[in-house]
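In case you want the letters, here they are:
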Amino acid sequence: LRSDLPGVAFRVPGTETQVRLYGFVKLTGYYDFDGRNQTDAPAPQTIPLTGSPADQQGGDFGMTARFSRFGIDTRSLTAWGTLETRLEGDFGGGAPTSNNAVFRLRQAWAELGDESFRVLGGQANSLWNEGVFETLIDATNLNQSFVRQAQLRVTGRLAEGLTGQVSIEAPDTSYTSLAGVFTPGSSLEGGASPAFNSVPDLLARLTYRQDGLELGARGLLRQLEIRTTGTAAAPPGVSDTTTAWGVAGHVRFPMRWIAEALGQDELLGMAFYGDGIGRYFAGQTSGQDALTNLGLPGVISPSLDAVTSYGAILAYRRFWTTTVRSNFSYAYAHNDYPTYALGFTPSSPSATLLNREMQQVFANLIWSP
């Protein structure tokens, strides 16, 4: 249940600046028929496996309003174009099972320019993001990306209907080893993490829109790194990097091109392939980019190996009336892991989070009165 608050916009007297306040109140209720997820946003990777303790417990019910949101936009006319800013947050930072919702920053950015060229700086949606279709739950869809992070982005109009974008974005190496899953912010035995960031992620995107049709292509290039010096990881002195990259494409096809009776209906598709792009598909990989045999018995020269991932989505968006619509979708994802992952301790997070293949089906009914 979501109730959007009426957006309130006004002009600051004596200036060329407009201010808009917006937001919504959202109540989510959920029930798991099988397997105890205990969350309103169950990522596919963390759904209890058949026979696991959580699966044996059975499902449960919960309610939360933590994804209620509010924000403020400003727009000012300048000699260099329009300066637009956004500051937005919600209360999704806490646990779904707690009534003490924790505020979190979603977006905080400023963008200057016009339709032909503009520059953005701050925290915003990643250029890799693509929601593809609507769901009732937040950021849990297989093969869909909902990353928000600090970045510097350039957007330009390349031709009629064609937009190009390039950005450098905050990196966050994530790897899995015998000792667990690590990022630069993690701790290993009370000390520093061997996961390391050296350079920002580089992303690019092309989008073409005409008469309801949308075609999109995007790519990214990253560097993943581990350094064991100064950490509890053994052997010491290990320093290794690997290049990560990914490409993806999507299409939104207006069904009225086939028959006017289909109105606003859309057919949607997306496919991707890459090495070490797990953090941009957190729903299926828990953010894992790479695996390492660091710490496994008998390993003298550890390696860092980017995980190869690929997948696709096919979806249909059906408008039953002007206020009632449904989304139907099928998604498939595959991850290739090195054989040494079989040496990770059974039932440990290092082992249970390595799901090689996943499939997901969605069907929903949305009424927006």
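This text gives an overview of the structure that appears in the document.

Criteria and thresholds
Residues numbered from 1 in each chain as written. Predicted model: local features only at pLDDT ≥ 70, side-chain atom pairs only at ≥ 80, totals over all residues. Heavy atoms only, no water. Phe/Tyr/Trp six-rings, centres within 6.5 Å; stacked < 30°, edge-to-face > 60°. Helix = DSSP H or I, 4+ residues; strand = E, 2+ residues; numbered from the N terminus. Lys NZ or Arg CZ within 6 Å of the ring centre and 35° of its normal. Pairing = 2+ DSSP bridges. Axes fitted to C-alpha atoms, helices over the stretch in contact; angles between N-to-C directions. Core = buried A, V, L, I, M, F, W, Y, C linked by side-chain atoms within 4.5 Å. Buried < 20%, exposed > 50% of the residue type's maximum accessible area, 1.4 Å probe, protein only. Contact = heavy atoms within 4.5 Å. Patch = residues over 30% accessible without salt bridge, like charges linked within 9 Å, V, L, I, M, F, W, Y side chains within 5 Å. Areas by Shrake-Rupley, 256 points an atom, 1.4 Å probe, with all protein chains shown as cover. Salt bridge = Lys/Arg side-chain N within 4 Å of Asp/Glu carboxyl O. Polar contact = N/O pair within 3.5 Å; in protein donor to acceptor, adjacent residues only side chain to side chain.

As enumerated under the stated definition, the model contains 12 aromatic pairs in all. When the centroid spacing of 6.0 Å and the interplanar angle of 10° are considered together, the rings of Y273 and Y310 count as stacked. In this pair, Y273 is assigned in strand β17 (residues 266–275) and Y310 in strand β20 (residues 308–319), connecting sequence segments 37 residues apart. One aromatic cluster is present, formed by W128, F272, Y280 and F281 through successive ring pairs. The positively charged end of R218 is found above the aromatic ring belonging to W128, 4.6 Å away from the centroid. Geometry around Y280 places R279 over its ring, the cationic atom sitting 5.0 Å from the centre.

Spatial strand order, β12-β11-β18-β19: four strands in an open sheet with mixed pairing. Strand pairing shows two members of the sheet lacking a second neighbour, β12 (180–182) and β19 (304–306), which therefore form its edges. Here the average twist between neighbouring strands, direction ignored, is 25°.

In this section: the nonpolar core. If you look at the biggest cluster of nonpolar residues, it comprises 21 residues, and the most contacted ones within it are W128 and I313. Per element, the largest residue contribution to this core is three residues, and it comes from β17. Discounting chain neighbours no more than four positions away, the residues touching I313 are V132, F133, L142, N143, Q144, L268, G269, M270, Y330 and A331.

Side chains of F117, V119, L152, V154, V166, I168, L202, L221, W245, V247 and Y273 sit close together on the surface and give an oily, nonpolar patch of about 920 Å² of accessible area. Within the secondary structure, V166 sits in strand β10 (residues 162–169).

To continue, consider the side chain of D265. Summarising the element assignment, D265 is placed in the loop between β16 (239–254) and β17. In this structure D265 comes out as buried when scored by relative accessible area, which is 1%. Within the local environment of D265, its side chain forms a polar contact with the backbone nitrogen of F319, the two atoms lying 2.8 Å apart. Residues within four places of D265 in sequence aside, it is in contact with F253, P254, M255, Y316, R317, R318 and F319.

Below, the discussion takes up the pairing of strand β9 (residues 148–159). In the sheet, strand β8 (residues 117–125) pairs with β9 via nine bridges, with the strands oriented antiparallel. Among the inter-strand pairings, R118 is bridged to a residue of β9, identified as T155. Here eight bridges tie β9 to β10, and the two strands are oriented antiparallel to one another. In the sheet register, A159 faces β10, and the bridge partner there is L162. Once β9 ends, the chain turns through two residues before running back antiparallel as β10, passing G161 with a positive phi of about 85°.

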